[in-house]
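Here is how the chains run, residue by residue.
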Amino acid sequence: MAKITIRKTGQVIAGEDAVRAFLNGQGVYYDHWDLQPIPAHLRDKFVLSQEEQAEILKALEPQIQALAQARGYVKWDMVALSEATPNLEELLKKFEQVHTHSEDEVRAITAGSGIFIIKGKPDVGYFNVELVPGDVISVPENTPHFFTLTSERKVVAVRLFIDPSGWVAHPYEDPEFATA
Ligand SMILES: [Fe+2]
């Protein structure tokens, strides 16, 4: 299950109900999917062919469709990052800058792990959400955030979009983040 760390206090929030309650309070959608439908031979694979990605999306289709219908997402695809990704470290450096989007950033982790750093309400400030397989998160539009990997350096996720062409990162200069 996901784990939250409030950056300015170091407070940790764990356990599905507490995590869900905290994230909902910050306006961040959170859910946890059953990944059993994913065929066993694809569960711990971090380099996936188009066919294998399609197979995973097919296996998760009922859960994807339910989320898409509930929240207005119309397209989805998969992303995989690992040491096999060319220029992984450079790519991560680019990711690790606070930014916003004009639509939700939705990720369902299917393998590996990752961390979203999100700007919460003023009394909370920035917090980390460490995500493990099954965790589903939607960072709301116009909410400052960035994504990075954990020390295991690998992740596979489903991404859902309202409009992929509008999904552009707008840098967000925030002195509060530097001191967080
Ligand atoms: Fe983003």
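From a predicted model like this one, the values you see are computed outputs, not experimental measurements.

A few words on the overall build of the chain. A count of helical and extended segments in the chain gives five helices and twelve strands. If you line up the chain on its principal axes, its C-alpha atoms span 45 × 35 × 30 Å. Every one of the 180 residues in the chain was classed for burial, and the buried ones make up 27%. Counted over contacts in the chain with a minimum sequence separation of 6, partners at least 24 positions apart contribute 74%.

This part takes up the UniProt feature "binding site: Fe(2+)" (unreviewed entry) in the chain. Under the UniProt annotation, the feature "binding site: Fe(2+)" (unreviewed entry) is placed at His-99, His-101, Glu-105 and His-145. What stands out for the annotated residues spanning 47 residues is how close their C-alpha atoms remain, the widest pair being 11.3 Å apart. With respect to the helices and strands, the residue His-99 is situated in strand β5 (residues 99-100). Discounting residues that sit within four places of it in the chain, His-99 has contacts with Phe-146, Ala-169, His-170, Pro-171 and Tyr-172. Of note, Glu-105 is situated in strand β6 (residues 105-112).

On to the nonpolar core, then. In this structure, Tyr-30, Phe-116, Ile-118, Val-129 and Ile-137 are the most contacted members of the largest nonpolar core, which totals 36 residues. Breaking this core down by element, the ones donating at least two residues are α1 (16-25), β6, β7 (114-119), β8 (126-131), β9 (135-139), β10 (145-149) and β11 (155-161). Counting residues per element, this core draws most heavily on β11, at five residues. Once residues lying within four places of it in the same chain are set aside, the contact partners of Ile-118 are Val-28, Tyr-126, Phe-127, Val-129, Val-139, Thr-143 and His-145.

Attention shifts here to the environment of Ala-111. If you trace the backbone, Ala-111 turns up in strand β6. Considered as a pair, Ala-111 and Phe-146 are 35 residues apart in the sequence and their alpha carbons are 19 Å apart. For Ala-111, the residues in contact, after removing those within four places along its chain, are Arg-43, Asp-44, Phe-46, Pro-133 and Val-156.

Okay, the sheet that holds β9 next. One open sheet accounts for five strands, arranged β3-β9-β6-β11-β4; its pairing is antiparallel. Lying at the two open borders of the sheet, with one neighbouring strand each, are β3 (29-32) and β4 (75-81). Shown here is a sheet whose adjacent strand axes are inclined to one another by a mean of 20 degrees, direction ignored. Summarising the sheet, β4 and β11 pair through seven bridges and their orientation is antiparallel. Opposite Val-79, over in β11, you have Ala-157 as the bridge partner.

Here we take up the environment of Lys-94. Assignment of secondary structure puts Lys-94 in helix α4 (residues 88-95). When the C-alpha atoms of Lys-94 and Gln-50 are compared, they prove to be 25 Å apart, with 44 residues separating the residues in sequence.

Time to look at the UniProt feature "binding site: Ni(2+)" (unreviewed entry) in the chain. When the UniProt feature table is mapped to this numbering, "binding site: Ni(2+)" (unreviewed entry) covers His-99, His-101, Glu-105 and His-145. Among the structural elements, His-101 can be located in the loop between β5 and β6. Beyond its immediate chain neighbours, meaning those up to four positions away, His-101 contacts Glu-141, Trp-167, Val-168, Ala-169 and His-170. On the basis of neighbour count, Glu-105 is assigned to the buried category, with 23 C-beta atoms found within 10 Å.

Definitions and cut-offs
Residues numbered from 1 in each chain as written. Predicted model: local features only at pLDDT ≥ 70, side-chain atom pairs only at ≥ 80, totals over all residues. Helix = DSSP H or I, 4+ residues; strand = E, 2+ residues; numbered from the N terminus. Buried ≥ 20, exposed ≤ 12 C-beta atoms within 10 Å, placed from the backbone. Contact = placed C-beta atoms within 7 Å. UniProt positions renumbered as here; feature names shortened; annotations may be inferred. Core = buried A, V, L, I, M, F, W, Y, C linked by C-beta atoms within 7 Å. Pairing = 2+ DSSP bridges. Axes fitted to C-alpha atoms, helices over the stretch in contact; angles between N-to-C directions.

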